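Structural characterization, general
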Amino acid sequence: MKLILYRAFLLLGLLLFSIANAQENGGQIVFNSTGIACLSAQEYQEYQEEVDKNINTLILKGNHYRQKTRTKQQTSFIWPIRQATGFEYNATWSISNYVDHNPETQALQDWNCGTRTYDTDSGYNHQGVDIFTWPFAWKQVDENQTEVIAAASGQIVFKSDGNFDRNCDLNSSQWNAIFVEHSDGSIAWYGHMKNGGLTSKGVGDTVSQGEFLGVVASSGNSTGPHLHFEVYDENNNLIDPYTGPCNTLNGSSWWQDQRDYLNPGVNAALTHTALPDFGNCPQTEETFESTQFNPNAPIWFIGYYRDQVTGTASLNEIYDPNGDLYTSWNTNFTDTFYASWWAQQITINDQIGTWTYVVTYNGESDQQEFNVDQLSVDDQVFEGVRLFPNPTNDIVTLGAASVIKRITVIDALGRIVLDFPDLNTKSQEINASFLRSGVYFVTVEYFDIPSKTILRLIKT
């Protein structure tokens, strides 16, 4: 599936970006503009045969979950993805496609009588809900940021793992997926997940509602990271979990709390040293995120949105360390986009301390705290510790007068990116060549000194 970010000067190969409306600092995402089928007819047949075989085996072994828990009560789903622990985006997703209810080629109709779906000339009508990750989809894959969870309790009746997960176009490779059968006989398909990122559980094992199944990625026929969520009833009839005026498959909602057709909100409010570089699919984005800045530094303040709606606006606010409003502005939306980002560069003053950037849209808010302090670009010498060269784009050496026990390198978001435990040295080389450009914090622990030393490392 293709994601195309329209920007005046960037081509996002994650998903193939092109210019829209010639916006200088911002853009939208369009998912799967060319209509690539998630699954071929042959794959549908193969998967169904495998599911039938697995269920028959479970029945013969007396280990069929549905036989033991049989109910006529319709399954009810929770949202099938969540943000992993340790990450702080307000949300990491947007919906791109619903089930297509019009069987005619190039005649689209989703559950709400809109066209937020697709089909292909080969006769494929989209049969699931596509939930793509935003912002920075490939970075999210690398860091396991968005997890797939069981929308309902049940038994795994199909599992496929070990397949390449950074696809960018139509291909013949298999997806990493898990199918879960529920007590009413319905089966939910979870597809396009990360290679090696699936639960250790296998066919025959049961999962509880909300239990981890895998990580969103781009395996199988896919051109960008997303979850394909597809549902069938006990008679193998396709189910659209949404209820609406144009759902021709089933009448009632299968969601515990059905989300609206559009879900306007802010996914993240982030601060950057430069505008993001989205690279070429499947290259991980250079986000240039930072929460550490010099006084009087120009900072890019960027709001990342899902389902922006024409005629609405978001409020952007910056508060100084005293909690006073420093400046604010509105981002006015003149189009309806499923996902978008809008940037403003502002030079803040020289007040030292913790500032706050807040973005509010449609009653949803996200905030990013950032620190203003003087960041030295010279070799740092502190309490007998020297870090050189600094800045660096390759190898940096840390030398100390005392024996070093441990060194950790933490990024601007507080995550450990390098760790050197069990040291017994006064000098240690650190390979920073693979780190992204930005500010890092090097923490040094000693054998004979109870205190720690923290130094700033600038990666160019």
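Residues numbered from 1 in each chain as written. Predicted model: local features only at pLDDT ≥ 70, side-chain atom pairs only at ≥ 80, totals over all residues. Heavy atoms only, no water.

This part covers the packing of aromatic side chains. Applying the stated criterion to the full structure yields 35 aromatic pairs. Summarising the aromatic geometry, the rings of F293 and F370 are spaced 5.9 Å apart at their centres and angled 85° between planes, so their arrangement reads as edge-to-face. Remark: F370 occurs in strand β21 (residues 364-372) and F293 occurs in strand β15 (residues 292-293); sequence separation between them is 77 residues. With 6.0 Å between their ring centres and 25° between their planes, W355 and F370 make a pair best called stacked. Here W355 is found in strand β20 (residues 353-361), whereas its partner F370 is found in strand β21, with 15 residues between them in sequence. W355 gets classed as buried once you look at its relative accessible area, which sits at 0%. Grouping aromatic residues by their ring pairs yields a cluster made of F77, W79, W93, Y98, W111, Y190, F229, Y242, W254, W255 and Y261. (Phe/Tyr/Trp six-rings, centres within 6.5 Å; stacked < 30°, edge-to-face > 60°. Helix = DSSP H or I, 4+ residues; strand = E, 2+ residues; numbered from the N terminus. Buried < 20%, exposed > 50% of the residue type's maximum accessible area, 1.4 Å probe, protein only.)

A few words now on the state of the cysteines. A covalent bond between the sulfur atoms of two cysteines is what we call a disulfide. Counted according to the given criterion, the structure contains 2 disulfides. Disulfide pairing is shown between C113 and C246; the S-S distance is 1.9 Å. What sets the handedness of the C113 and C246 disulfide is the S-S torsion sign, and at about 95° it is right-handed. Residue C113 is found in the loop between β4 (93-97) and β5 (129-133), and its partner C246 is found in the loop between β13 (238-239) and β14 (265-272); the two are separated by 133 residues along the sequence. Judged by relative accessible area, which is 41%, C113 ranks as partly exposed. For C246, a relative accessible area of 10% puts it in the buried group. Covalently, C168 is tied to C281 through a disulfide, its sulfur atoms 1.9 Å apart. What sets the handedness of the C168 and C281 disulfide is the S-S torsion sign, and at about -90° it is left-handed. Residue C168 is located in the loop between β7 (154-160) and β8 (177-181), and its partner C281 is located in the loop between β14 and β15; the two are separated by 113 residues in the primary sequence. Look at C281 and you get buried, because its relative accessible area is 19%. Going through the protein chain in sequence order and numbering each bonded cysteine, the pairs you get are 1-3, 2-4. (Disulfide = S-S within 2.5 Å.)

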